[in-house]
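Understanding the architecture of this molecule
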Amino acid sequence: MIVDSAGPCQGGATRLPCRGRADAADHPRCTRNGAAGFTLLELVITVVVVSLIAMLAFPMAEVAARRTKEQELRVALREIRTGIDAYKQAVTEGRVKASVESTGYPPDLKVLVDGVPDFKSPDKDAKIYFMRRLPRDPMSTDPSLSADETWGKRDYSSPPDSPQEGEDVYDVYSRSPLVGLNGVPYKDW
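Predicted model, so just to flag it, every value in this text is computed and none were measured. Every chain begins its residue count from 1, and numbering advances along the sequence as written. Per-residue local features of the predicted model are confined to residues with pLDDT of at least 70, and side-chain atom pairs are confined, for both listing and counting, to 80 or more; whole-chain, interface and lining totals are unaffected and use all residues. Only hydrogens and water are set aside; all other atoms, that is, all heavy atoms of the structure, feed into the side-chain values.

1. Some thoughts on the pairing of strand β3 (residues 151-154)
Under the scheme applied here, a residue whose accessible area is under 20% of the maximum for its type counts as buried, over 50% as exposed, and between as partly exposed, the area being computed with a 1.4 Å probe on protein chains only. In DSSP terms, a helix is any run of H or I states spanning at least four residues, a strand is any run of E spanning at least two, and both are numbered starting from the N terminus. Residues W151 and K153 line one face of β3 and the alternating positions G152 and R154 line the opposite face, and both faces are buried. For β3 and strand β4 (residues 171-174), the ladder comprises four bridges, and the chain directions are antiparallel. Of the residues in β4, the one forming a bridge with K153 is V172. The pairing criterion is simple: DSSP has to find at least two bridges between the two strands.

2. Here we look at the packing of aromatic side chains
The geometry of an aromatic ring pair is captured by two quantities: the separation of the ring centres and the angle between the planes. Pairing of aromatic rings covers Phe, Tyr and Trp, the last through its six-membered ring, and needs centres within 6.5 Å; plane angles under 30 degrees mean stacked, over 60 mean edge-to-face, and all others mean tilted. What the rule picks out here adds up to five aromatic pairs. Between Y105 and Y156, the aromatic rings sit 5.6 Å apart at their centres with planes inclined by 25°, giving stacked as the arrangement. Taken together, the residues span a long stretch of sequence, with Y105 in the loop between α1 (40-92) and α2 (110-114) and Y156 in the loop between β3 and β4 at a distance of 51 residues. Chaining the aromatic ring pairs together yields one cluster made of Y105, Y156 and Y170. The ring of Y105 carries the charged tip of K88 above its face, separated from the ring centre by 5.1 Å. Two limits define a charge over a ring: the Lys NZ or Arg CZ must be within 6 Å of the ring centre, and within 35 degrees of the ring normal.

3. As for the side chain of T150
Within the secondary structure, T150 sits in the loop between β2 (127-128) and β3. On the accessibility criterion, T150 (2% relative accessible area) is buried. Pairing of N or O atoms within 3.5 Å defines a polar contact, subject to two protein rules: one partner must be a possible hydrogen donor and the other a possible acceptor, and residues neighboring in sequence count only if both atoms are side-chain atoms. Polar side-chain contacts of T150 include one of 3.1 Å to the backbone nitrogen of D137. Contacts are assigned to residue pairs that have any heavy atoms within 4.5 Å of one another. Setting aside its immediate chain neighbours within four residues, T150 contacts R136, D137, S140, L145 and R175.

This is the structure we're talking about:
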């Protein structure tokens, strides 16, 4: 019999080495404390690696979200401007009644969605619709505003560098004071 150098077990019995013992899994000296866990160094390295990945991922996620909003802004501006141009074309063709003094542009953005009577149609109740819905400015942060109120509107007679609202809507722009990823302020898009 081999005696363990650690001394006798409880009750004065001598201890056998762990190898070959039938009760090694249950014996307190034969189980390896800490072998199944992680060392402090391993945990610190893991936390540092995860932190570095997070530092790289968050700015990339912010840029991706901003790019998505900018794409939505481009699409919304194109859609509204196409509707304004279609309204002007309908006035030029005589399908929409306009006074001699008017510029031929819509009086507001709601007209593009609500529609106007088609004067060239034999059906007196026929209307011309220029947009299905008016998109919101994706850069607007106030959810209480209607879609129409989120946009800045430029009157035909106002200069492009200082747009003012007036009797008609010649163009629209974002009211956001932020600058796009391309370096151009959103109001100048």
